[in-house]
Amino acid sequence: MSEKEQAVSEFKSKSGLRRIFSAILYSIDGLRSAWKNEHAFRQELVLVVSGSVIALFLPVSAFEKLMMIAVLVLILVVELINSAIEAVVDRVSLERHTLSKNAKDFGSAAVLLTVLIALATWVVILLDRFYY
């Protein structure tokens, strides 16, 4: 076996349409797992769905609606990445370690910053529309 063949994981998917179909199925599995196992993801999904409905009915431009919904979806994206970090850290070891704590805290901080970006986006758009 060549060096190049050894570097490719046996779990790596095939190419072409089969790869795309597999990737979609893996993504759906990931969303199901997040819904089932991640309390924060479920809470944030409720926020995203309700916020998206509200944004669609607000008297703001289509672009502003898009931005308001996009920053909410971004919270879910970062939460999924944070959950992945936590799962890998826990898979490696459940033992308490400074580096493990740092990895989890960094992921949590990323979620917090994303929530603050979403909040700032909503405040700026709503203040511009209703206050100024």
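Residues numbered from 1 in each chain as written. Predicted model: local features only at pLDDT ≥ 70, side-chain atom pairs only at ≥ 80, totals over all residues. Heavy atoms only, no water.

Moving on: the overall build of the chain. A count of helices and strands for the chain gives five helices and zero strands. In the chain, the order of α-helices and β-strands from amino to carboxyl end is α-α-α-α-α. In the chain, of all internal contacts separated by at least 6 residues, the share reaching a separation of at least 24 is 66%. Summed over its atoms, the accessible surface of the chain is roughly 10100 Å², and 68% of this surface lies on carbon and sulfur atoms. (Helix = DSSP H or I, 4+ residues; strand = E, 2+ residues; numbered from the N terminus. Contact = heavy atoms within 4.5 Å. Areas by Shrake-Rupley, 256 points an atom, 1.4 Å probe, with all protein chains shown as cover.)

Between helix α2 (residues 17-37) and helix α3 (residues 39-57), the shortest axis-to-axis distance is 5 Å and the interhelical angle comes to 100°. The orientation of α2 relative to α3 falls into the category roughly perpendicular. Residues L31, A34, W35, K36 and N37 of α2 touch α3, and the partners they reach there are H39, F41, R42 and L45. Of the residues belonging to the contact of α2 with α3, the class tally is five nonpolar, two polar and two charged. (Axes fitted to C-alpha atoms, helices over the stretch in contact; angles between N-to-C directions. Parallel < 35°, antiparallel > 145°, perpendicular 65-115°, else oblique. Nonpolar A, V, L, I, M, F, W, Y, C, P; charged D, E, K, R; others polar.)

Another point: the packing of aromatic side chains. This model, assessed by the stated rule, comprises one aromatic pair. Considering the side-chain rings of Y131 and Y132, the 5.1 Å spacing of their centres and the 80° angle between planes classify their relative orientation as edge-to-face. It is R129 that lies over the ring of F130; its NZ or CZ is 5.7 Å from the centre. (Phe/Tyr/Trp six-rings, centres within 6.5 Å; stacked < 30°, edge-to-face > 60°. Lys NZ or Arg CZ within 6 Å of the ring centre and 35° of its normal.)

Helix length check: helix α5 (residues 98-130) (33 residues) gives 47 Å between terminal C-alpha atoms against 48 Å at 1.5 Å per residue, within 8%. Every buried residue of α5 is listed here: G107, V111, T114, A118, T121, W122 and I125. Those residues of α5 that are buried lie in contact with α3 and α4 (62-92). (Expected span 1.5 Å × (residues − 1). Buried < 20%, exposed > 50% of the residue type's maximum accessible area, 1.4 Å probe, protein only.)

Judged by nonpolar contacts, the single largest core of 14 residues is most densely connected at L58, V60, M68, L72, A118 and W122. Setting aside residues up to four positions removed in sequence, A118 forms contacts with V71, L72 and I75. (Core = buried A, V, L, I, M, F, W, Y, C linked by side-chain atoms within 4.5 Å.)

One way to put it is that α4 packs onto α5 with a least axis distance of 9 Å and a crossing angle of 175°. With respect to each other, α4 and α5 are oriented roughly antiparallel.

Note on pairing: side chains with opposite charge can pair once their charged atoms come close. A complete count under the given rule lists two salt bridges for this structure. With its nearest N and O atoms 2.6 Å apart, the salt bridge here joins D90 to K104. Taken as a pair, D90 in helix α4 and K104 in helix α5 lie far apart in primary sequence, 14 residues in all. By relative accessible area, which is 33% here, D90 ends up partly exposed. Residue K104 is classed as partly exposed on the basis of its relative accessible area, which comes to 26%. The closest approach of N and O atoms between K101 and D105, which form a salt bridge, is 2.4 Å. Note that K101 and D105 are positioned in helix α5 at a spacing of four residues, about one turn of the helix. D105 gets classed as partly exposed once you look at its relative accessible area, which sits at 35%. (Salt bridge = Lys/Arg side-chain N within 4 Å of Asp/Glu carboxyl O.)

Scope: geometric values only; no functional claims are made or implied.
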